[in-house]
Amino acid sequence: MHKLFFKRRGTQRLNAKVRKVFSVCSCTFSLAFLCVLFIVLLLPLPIWAAPQPERTLLTLELLQERLRTPILREGSLTVDLQKMTIDLRPENASFRDGFYQLLRKELGAKPLGLDLSYALVLGDFVGSDLGLRTPLYAQAIAPIFTATEQEELERLRFVCLESLAIALPNSKDCRSLLATESNQSGEITVFRGALILAQTRFNGEVNFSHTFFLQSVDAQNATFVQATNWTETRFARPVNFSNASFRQPSNFFGGIFFDKANFKQIQFQEIVDFQGSIFEKNVNFNQASFKQLAKFNSVQWQENVDFSHVRFANQVQFNKGNFNQIILLQETSFEQAVIFREADFNQSVNFQGASILNQADFSDARFTKQAFLNVSGLTFNSNQAKILGNPGEIGKMFYVPAFQGNQNILRNLGQNFRQQQQVADANDLEYTKQRLRLIELSRRLMATNINGATIKNLMKLGFSTSQSQAIVKRRLLKPFRNITELLTLAEISLETYTKLSDRLTVGEPLSIATWLLQAWGWLALSVLLLLSGYGTNFWLVFGVGGVAIAYFGLLFWLVDRCRRLLPIPIIPTSYETISILISFSFLEFLSLLAIFRNAEQPWFTLGCLLIIILPVPVSLLIRLYQQGRYHDLLDISYFTEDGTFRQLRLLIGRLPVIPRNQTFRERYMPLLCDRRWNWLNYYDFSLNNLVKLGFNDIRLRDEHLPGIISALAWYQWSLGLMYITLVLWTLSRTIPGLNLLIYLK
């Protein structure tokens, strides 16, 4: 009994606790539900759902009333069908037929606009049935149109004529307007008034094919749930599809846009086709979204094109496109391939900040002299993506404005072309990289460092006293890290910054030793860029060597054959003089031709070369003839040749003067000055010194030799060490597969 009693009491306590817990949970849930209900009722509706306009079901009677009483909109009479529900489904066939018949009759008879803003269209909407169908003849436009409308239609003829320069037009209206036979004509639907589709929703398919809009088309925020057909549609006035949504395939094939076209923030969720279209004015696709394949093949872009901040989730095709003005692709994302095959570029293409994640194909693309690809800040990984183009051409088209911040993209682009064995394009990018590095180094050496300049130097540069004091006060608190930080000072205006920014730099102040080291690096880099394109242009190196070989060959012939005039002349024959001068002129002509054809700055290249080969030899030559020659063996050539054999050989370890050993004096015999071909030996000696290659082992004798002549030979031999190093380095960078491990990981 006691056990049973205590068991019942325990069960009662347990049930009470459970009921208490459930009661607390129920209260908490009820309180939470009331809070949510309170928030829903008090907060404004747009937070929870987009407001739906109150629409009126359109009937034939209501349509007739609106047709009789059009409203005035922007100076034009417009049929007001705003906020209507238009049921054009097959089960409502009687209304549908009456709808098209009434609108076609009124819109064709006079230039009335049609306003379908905020309307809901159920069923398929055949917009091409609303306009006036008229034939197009080559001789004249139908007289039913006003003079202004005839001018608009006549513009179509001119556009068709312009397109003949690129390809034969395939559209029916162009073929009719350009036909030579008077009986050939093609029909087109003419929409004489403005069409307004702001925030209109089309639940069915939309068809405006072969329609000529004489007035503007405004489809801002419109929604097209099913497929749309704008094939060979002509837009005479501005078109606005900003923020529109196309949820099924859209076809703008062969369209002509005579005025500005605005597709800003448009969304294409399925395939979109603009192939063969013509845009006569500016086009704006800024912030648009293409989720499936986008076709822009054979499109003519007559003015600027803006694809900035666009996301291409699938492949986009610009094959055979004609871009006459600037193309903006800033901050654009290409998640799949972007193809520009056989495209024509007449102005710059701006990829600044864009992302190429798969492949960009510029094969057989044509660039004018003004065209280039601005890849500053481009996101591109050569291990995951590729850029394709014609070998030897595409590398010259890339442009970046500054070295700072673009080292990574230049390195990735160079590696991209080396992986494809397009060495010439990789070298072009390397040259661009080093040229920008030279500009950056020049600025660091010559520009004024605002972190270390005195007030006096800042004022000399162009800053006022107050501006200079503000700069010094600011850098005491915190050094400048970027030139643009000057704009944070109230005393510095944008005009002053723009005027002086090119002469300013930031960073740690350079010590004298550091400045000298960087100046030496600047000098070495300048010489490499001017004389070899930083090891990327073998024919430039060949031209530089040709000039030096011919020049030193002439000098050695001069010091050896023109010794004195009195008392006994020791001079060459007239035949030898003519031969050496003609050969010198011929070699110099070929070498200079190679320099001017391959150097980016040929006059600077030539000036740099003359600074190296002219001052020292000319000074030695002048000193030699000033002091005269009065030594023994004056009538014997200073030059000797190895008489044991004659063959073409590399003479890497050869020195320009023979050893003093007697056996070498017996082995090396003086040149035969009485031979008609003797002048060739001086070029051979110059070739030996500079390139370490020759037909004979020609050297200077070791006795009765003026020191100036020996110094001249040693000077060229020293230059030859640097030149042969430059040649081998250039060959390693320009021959595919040679020394490839240097450039590929």
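Use the structure listed above.
Residues numbered from 1 in each chain as written. Predicted model: local features only at pLDDT ≥ 70, side-chain atom pairs only at ≥ 80, totals over all residues. Heavy atoms only, no water.

Draft legend 1. Region of the structure containing the overall build of the protein. The helix and strand inventory of the protein stands at 18 helices and 52 strands. Going through the 745 residues of the protein one by one, you find that 47% of them count as buried. Contacts in the protein between residues at least 24 apart in sequence constitute 54% of all its contacts with a sequence separation of at least 6. (Helix = DSSP H or I, 4+ residues; strand = E, 2+ residues; numbered from the N terminus. Buried < 20%, exposed > 50% of the residue type's maximum accessible area, 1.4 Å probe, protein only. Contact = heavy atoms within 4.5 Å.)

Draft legend 2. The environment of Val-338, seen in detail. With respect to the helices and strands, the residue Val-338 is situated in strand 36 (residues 338-339). Classification of Val-338 as buried rests on a relative accessible area of 1%. Between the C-alpha atoms of Val-338 and Gln-315, which are 23 residues apart in sequence, the distance is 5.9 Å. Not counting residues within four places of it along the chain, the set of residues in contact with Val-338 comprises Val-316, Phe-318, Gln-359, Ala-360 and Asp-361.

Draft legend 3. A look at the sheet that holds strand 50 (residues 668-670). Within the open sheet, the three strands sit side by side as 50-48-52. Their pairing is antiparallel. Two strands lie at the open edges of the sheet, namely strand 50 and strand 52 (698-700), each paired on one side alone. Pairwise comparison of adjacent strand axes, ignoring direction, gives a mean angle of 40° for this sheet. Looking at chain direction, strand 48 (residues 639-642) and strand 50 are connected through three bridges and run antiparallel. Counted as the bridge partner of Thr-640 is Pro-670 from strand 50. Each of strand 48 and strand 52 is contacted by helix 17 (residues 680-691), which is oriented at about 85° to strand 52, the strand it contacts most. (Pairing = 2+ DSSP bridges. Axes fitted to C-alpha atoms, helices over the stretch in contact; angles between N-to-C directions.)

Draft legend 4. Looking closely at the packing of helix 17 against helix 18 (residues 707-734). Packing of helix 17 against helix 18 leaves a shortest axis separation of 6 Å and a crossing angle of 50°. Judged by the inter-axis angle, helix 17 sits oblique to helix 18. Together, Phe-685, Ser-686, Asn-689, Leu-690 and Val-691 of helix 17 and Ala-713, Gln-716, Trp-717, Leu-719, Gly-720, Tyr-723 and Ile-724 of helix 18 make up the contact between the two elements. When the residues that make up the contact of helix 17 with helix 18 are grouped by side-chain class, the tally is eight nonpolar, four polar and no charged. (Parallel < 35°, antiparallel > 145°, perpendicular 65-115°, else oblique. Nonpolar A, V, L, I, M, F, W, Y, C, P; charged D, E, K, R; others polar.)

Draft legend 5. Just the nonpolar core, in detail. Among the nonpolar cores identified, the biggest contains 95 residues, and Phe-99, Phe-285, Phe-296, Trp-301 and Phe-351 are the most heavily contacted of them. For this core, the elements supplying multiple residues, two or more each, are helix 2 (60-68), strand 4 (84-87), helix 3 (93-109), strand 40 (359-362), helix 6 (407-419) and helix 7 (423-446). In this structure Trp-301 touches Phe-279, Val-283, Phe-285, Phe-296, Phe-307, Phe-318, Asn-322, Phe-323, Asn-324 and Gln-325, once residues within four positions along its chain are discounted. Membership of the second largest hydrophobic core comes to 47 residues, among which are Ala-548, Phe-552, Tyr-638 and Trp-679. (Core = buried A, V, L, I, M, F, W, Y, C linked by side-chain atoms within 4.5 Å.)

Draft legend 6. Expanded view of the sheet that holds strand 27 (residues 289-290). What the 12 strands build is an open sheet, ordered 1-4-6-11-15-19-23-27-31-35-39-43; its pairing is parallel. In the strand order of this sheet, the two ends are held by strand 1 (56-57) and strand 43 (379-380), each with one partner. Pairing geometry for strand 39 (residues 355-356) and strand 43, over two bridges, is parallel. Bridge pairing links Ser-355 to Thr-379 in strand 43.

Draft legend 7. Seen up close, the pattern of salt bridges. Taken as a whole and assessed by the stated rule, the structure comprises 17 salt bridges. Across the salt bridge formed by Arg-96 and Asp-97, the nearest N and O atoms sit 3.7 Å from each other. Assessed through its relative accessible area of 25%, Arg-96 is described here as partly exposed. Asp-97 sits in the partly exposed class, given a relative accessible area of 46%. Residue Arg-654 pairs with Asp-697 through a salt bridge whose shortest N-O separation is 3.5 Å. Highlighted residues: Arg-654 in the loop between strand 49 (649-650) and helix 16 (662-667) and Asp-697 in the loop between strand 51 (693-694) and strand 52, separated in sequence by 43 residues. (Salt bridge = Lys/Arg side-chain N within 4 Å of Asp/Glu carboxyl O.)

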